[in-house]
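Analysis of the macromolecular model
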Amino acid sequence: MRGFDPRNYTGFLTVTLVCLFILYAPLIVVAVYSFNDSVSITRFTGVSLRWYADVFTGLEAAKFRAAAANSFSIAIMAAMAATAIATAAAVGMVRGGNFRGKPASFALISMPIMVPEIVTAVATLIFFSTIGFALGYLSILVAHIVFCIPFAYLPIAARLQGIEASFEEAAQDLYANRWRAFRYVLAPIMAPGIFSGFLLAFIISLDDFIITNFVKGAGVETLPTAIFGAVKQGIKPNIMALSTLLLLFSILIVTLSYLIGRSGNEKYQN
Amino acid sequence: MAAGIGGRTVSSAFAPIRLWLLLPSWVVIGFFLLIPVLLILVYSFLTKEFRGGVIWDFTLAAYDQFLFDRGLFGDDPPTIQWTYITIFVRSILQAAVATVLCLLIGFPTAWYIATRAARMRSIWLFLVTVPYWVNLLIRTVSMKFLIRENGPLNEFLLALGIIDSPLEIINTDIAVQLGLFYSYLPFMVLPIYAAVERYNFALSEAGADLYAGRWTIMREIVLPVVKPGIIAGCILVFVPSLGAFLAPDLLGGAKNFMIGSLIEEQFKGQAGNWPFGAASSMILLSMVLVVLFFYARGQAREQV
Amino acid sequence: MVTETKPPAVGIRSACKDYGSFTALRSVSFDISDNEFFTLLGPSGCGKTTLLRMIAGFEGITDGAIFLYGEEIENLPPDRRPVNTVFQNYSLFPHMDVAENVGFGLRMLGWTKGDIAARVKQMIALVKLEDFAHRRPAQLSGGQQQRVALARAMAPRPKVLLLDEPLSALDLKLRQNMREELKALQQETGITFIFVTHDQEEALSMSDRIAVMSAGEVQQIGSPEEIYEFPVNRFVADFIGDTNMLEAEVQQVGEGFVTCQIGDAQLTAVASQAVTQGQKGWLSIRPERLTIASDGLPATVEQTIYLGTDTQILARIEGGLNLRVRAQNDGARLAQGDCIFLNVADGAARFLVE
């Protein structure tokens with residue numbers, strides 16, 4: 001007789017496979033069609049890299065290049081600023097003892113996640129327009145910093161919560177002042193959390209469409225707004241190639257984050 | 001840890017400089033999000049300026065427009081304006097259905113992954129996490145590509161002879177639903193996974209020992225214990241679905257508006273009615289706050 | 001001989017600690033002498049860890065004062081107090097190797113590289129980890145981690161070393177070895193040790209003096225012998241070692257002793273404090289101070305439990321009271337129902353008040 005295993009439920013594996021199929025099928029289809037040799041997106045006529053070449057050298061290459069430059073520069077700056085702000089906030093929240101208004105502080109920090117993105121977009125647009133802040137590169141950057149803070153905060157705070165307070169107590173006991181206890185002990189142990197926070201913020205900024213679309217102003221495009229604009233006229237093969245490149249980039253980042261998270265955990269636990 | 005006090009004491013090594021650590025996040029979010037959200041409320045009571053912007057005259061016109069139809073020149077007797085109410089009701093239904101579908105697929109998936117051996121578990125988890133990191137716009141565009149009239153899905157089904165003429169999925173409510181479900185499915189899996197991973201399987205064994213069958217154990221023991229994860233997953237799917245813009249815009253076409261597309265159109269599209277967009281945003285935000293309020297209250301109750 | 005009054009290593013003056021409505025310490029005062037191995041002993045929640053953390057500077061003080069060699073320190077932050085701590089879970093920095101861990105305090109104190117290297121080498125030799133200097137904590141066994149924690153805390157030559165249940169994470173054999181090593185280390189270095197534990201055996205085997213704590217108060221301070229042989233109250237007698245605790249009433253008050261009624265018998269006991277006739281209290285008799293003899297209190301054997309070197313006998317005396325007797329195994333076996341006589345050693349019975 002087989003033993004009773006409370007973990008096994010018939011059919012759950014099937015559902016899991018269906019789930020993964022649903023998640024991946026559209027992405028794989030687009031990736032496959034991006035290698036299509038044909039100008040038509042309907043018929044698959046042969047394998048070719050012509051649409052990838054088109055992304056870099058075709059008619060719209062300059063537009064894509066400018067959009068990519070905006071996207072990546074904004075994402076790096078927004079993620080760095082958000083990570084710095086979020087790290088300070090996490091230390092204050094997790095290591096700052098109990099204080100009145102802690103729930104309110106948490107609500108404020110997580111507000112950008114709680115409020116529907118479209119509402120954040122409306123709020124930011126109205127605010128910039130009221131104070132007369134010109135819409136453009138800078139307004140996108142500011143909006144992205146705000147929006148990315150909770151995404152950076154959550155992994156950093158989670159990591160910090162898993163680190164016993166006795167580490168910084170030990171550092172202070174050994175004559176490290178508060179800054180040195182953070183610099184030499186807490187920060188290195190938190191590093192994987194800070195890094196995941198940075199990567200998540202980076203990806204969130206890179207991916208954002210709705211807020212960017214509201215606050216970008218005329219003439220400034222990021223990759224998502226450029227793609228959206230192009231798709232409005234129908235899905236063209238070069239867009240599929242560009243999408244596939246972005247898809248690969250996302251997979252690269254998530255793999256990186258996964259590997260770093262794992263090595264960080266192993267170092268800390270054993 | 002100081003002995004004798006229930007649970008862990010809160011670490012306070014950085015308490016003296018707490019204010020300085022928290023101030024940057026408070027200032028940035030307070031100034032660039034909290035105040036702007038309050039500003040939306042103000043805008044919703046202002047008078048619209050054609051082609052965007054507002055005139056600083058207070059009026060209830062935006063809310064009036066939402067609820068009542070006063071004819072082309074605004075002097076007919078008011079009748080209930082169903083257009084916008086319908087959009088809101090459709091949004092709520094779409095978000096609810098997406099939540100239920102995500103739960104039906106997401107729970108068994110999360111369960112299956114969480115019950116694998118450590119090495120396999122991290123691989124499965126990785127596979128589920130990847131789409132979460134992929135650009136939502138690209139995912140929605142991919143879905144549009146897949147299900148459009150001459151798209152690979154229809155070709156595949158035609159080739160197999162399952163259907164005779166292409167399914168008309170694109171630009172229907174079903175397409176929007178598919179897009180929402182597909183967009184937010186990972187949001188359901190991850191919190192449930194976290195809850196199941198913490199679940200103590202000795203409880204299930206105790207249940208079996210006390211004559212409960214497999215599905216009775218699931219219903220009577222597992223579900224109540226992992227409920228917080230399920231609720232968190234449902235909120236993470238429902239809230240963004242409610243205000244979704246990309247799925248209805250790209251997959252639903254002009255006829256299947258949801259709140260998100262309605263708001264977008266007031267600011268970016270032809271309508272150009274900022275006060276009306278602000279009012280719609282406030283209504284959406286209120287609905288989300290109600291959901292979050294009940295969630296927070298439920299959590300507070302759990303902890304007692 | 002002219003004795004200059006040297007201030008105690010640590011002076012605790014009316015130290016109080018409240019956490020909201022919970023009182024962790026209620027007005028604790030005592031002194032710890034220079035070079036002493038001093039133990040804070042008590043059940044969890046008695047306030048011993050709170051007191052240690054207050055000396056280290058991790059917990060603020062609600063009221064009272066703490067002196068270190070005459071200098072008031074309770075308002076100094078931990079990094080300005082010349083005391084070091086061995087943490088319960090060691091808290092070795094996971095991203096530093098053994099040498100870096102041991103040298104950390106010296107680096108923070110601004111020692112030169114050469115001085116740090118020399119001192120680290122010396123400390124690592126002291127705890128016999130020469131071959132492990134460049135390992136990370138994760139690559140060490142529990143016992144080795146324990147030694148690193150000791151070396152790290154002793155490297156900056158603290159005036160007082162604080163040890164927070166440092167042996168509790170080790171297995172039994174290692175724990176017993178470490179006791180001897182800790183004691184030897186303390187005598188070798190001459191550093192004042194303040195050791196927190198809930199394990200009475202640890203406390204008895206290592207300490208010069210023990211403070212038994214309960215409910216935020218010090219119940220008794222004394223040498224291990226004093227604590228064990230002459231407990232001042234019921235809590236101490238009950239918490240340290242095994243004892244027969246019998247409800248009793250004072251029948252007669254004599255010169256340094258009292259007579260109590262136990263069952264049908266009269267027993268003479270030493271009183272822990274001044275008592276009056278008719279006062280109610282407790283009689284504590286250690287099981288090993290009861291012997292099976294040819295005469296004395298008549299009793300019947302109810303149960304015997306074989307314990308290896310000893311046998312514990314549950315004996316029912318007349319009047320229906322049960323007493324535990326601890327007898328060395330000498331080959332003779334008792335069976336249930338056997339009639340025996342119990343002899344109470346002189347001074348073994350102590351009359352205690354609550």
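Residues numbered from 1 in each chain as written. Chains lettered and ligands numbered in written order. Predicted model: local features only at pLDDT ≥ 70, side-chain atom pairs only at ≥ 80, totals over all residues. Heavy atoms only, no water.

1. Things to note about the overall build of chain A
Helix and strand counts for chain A come out as eleven helices and zero strands. With 270 residues in all, chain A has 59% of them scored as buried. Taking as baseline every contact in chain A between residues at least 6 positions apart, the subset at least 24 positions apart corresponds to 72%. (Helix = DSSP H or I, 4+ residues; strand = E, 2+ residues; numbered from the N terminus. Buried < 20%, exposed > 50% of the residue type's maximum accessible area, 1.4 Å probe, protein only. Contact = heavy atoms within 4.5 Å.)

2. Examining the environment of alanine 66 of chain A
Residue and element names in this part refer to chain A. As for its position among the elements, alanine 66 is in helix α3 (residues 61–94). For alanine 66, a relative accessible area of 42% corresponds to the partly exposed category. Taking C-alpha positions, alanine 66 is 23 Å from phenylalanine 147, a pair spaced 81 residues apart along the chain.

3. Overview of the confidence of the model for chain A
Confidence in the prediction for chain A averages 89 pLDDT; 96% of positions are at 70 or higher. Taking the mean pLDDT of every element in chain A, the minimum, 80, falls on helix α11 (residues 237–269) of chain A and the maximum, 96, on α3 of chain A. (pLDDT = per-residue confidence, 0-100.)

4. A short note on the packing of aromatic side chains
According to the stated counting rule, one finds 47 aromatic pairs over all chains in the structure shown. A ring pair is formed by phenylalanine 127 of chain A and phenylalanine 32 of chain B, whose centres lie 6.0 Å apart and whose planes are at 85°; its orientation type is edge-to-face. Within this pair, whereas phenylalanine 127 of chain A is found in helix α5 (residues 117–131), its partner phenylalanine 32 of chain B is found in helix α1 (residues 18–43), the two belonging to separate chains. The exposure class assigned to phenylalanine 32 of chain B is partly exposed, which follows from its relative accessible area of 21%. For the pair tryptophan 179 of chain A and phenylalanine 182 of chain A, a centre-to-centre distance of 6.0 Å together with 35° between the ring planes defines the contact as tilted. Taken as a pair, tryptophan 179 of chain A and phenylalanine 182 of chain A lie in helix α8 (residues 178–207) at a separation of three residues, close to a single helical turn. (Phe/Tyr/Trp six-rings, centres within 6.5 Å; stacked < 30°, edge-to-face > 60°.)

5. Considerations on unusual backbone geometry
With a phi close to 75°, tyrosine 211 of chain B is a non-glycine residue in the positive phi region. One can find tyrosine 211 of chain B in the loop between α8 (202–209) and α9 (214–242). In this structure tyrosine 211 of chain B comes out as exposed when scored by relative accessible area, which is 77%. The phi dihedral of tyrosine 69 of chain C is positive, around 45°, even though this residue is not glycine. Structurally, tyrosine 69 of chain C is set in the loop between β4 (63–68) and β5 (71–72).

6. Quick word on helix α7 (residues 166–173) of chain A
Residue and element names in this part refer to chain A. Counting buried residues along α7, eight of its eight residues qualify, which places the element largely inside the surrounding structure. All of the buried residues in α7 are Ser166, Phe167, Glu168, Glu169, Ala170, Ala171, Gln172 and Asp173. Directly beyond the C-terminal end of α7, a positive phi value near 75° is found at tyrosine 175.

7. Topic: the interface of chain B and chain A
Listed as interface residues are 93 residues of chain B and, on the opposing side, 95 residues of chain A. With both chains or domains summed, chain B and chain A bury close to 8900 Å², and 77% of this area falls on carbon and sulfur atoms. At the boundary of chain B with chain A, the tally comes to one salt bridge. Across the chain B-chain A interface, the total number found is 17 residue pairs in polar contact (both at pLDDT 80 or more). Ranked by the residues each element gives to the side of chain B that touches chain A, the list is headed by α1 of chain B, at 19 residues. The residue inventory of the side of chain B that touches chain A, partitioned by class, reads 67 nonpolar, 14 polar and twelve charged. (Buried area = accessible area lost by both parts, 1.4 Å probe. Salt bridge = Lys/Arg side-chain N within 4 Å of Asp/Glu carboxyl O. Polar contact = N/O pair within 3.5 Å; in protein donor to acceptor, adjacent residues only side chain to side chain. Nonpolar A, V, L, I, M, F, W, Y, C, P; charged D, E, K, R; others polar.)

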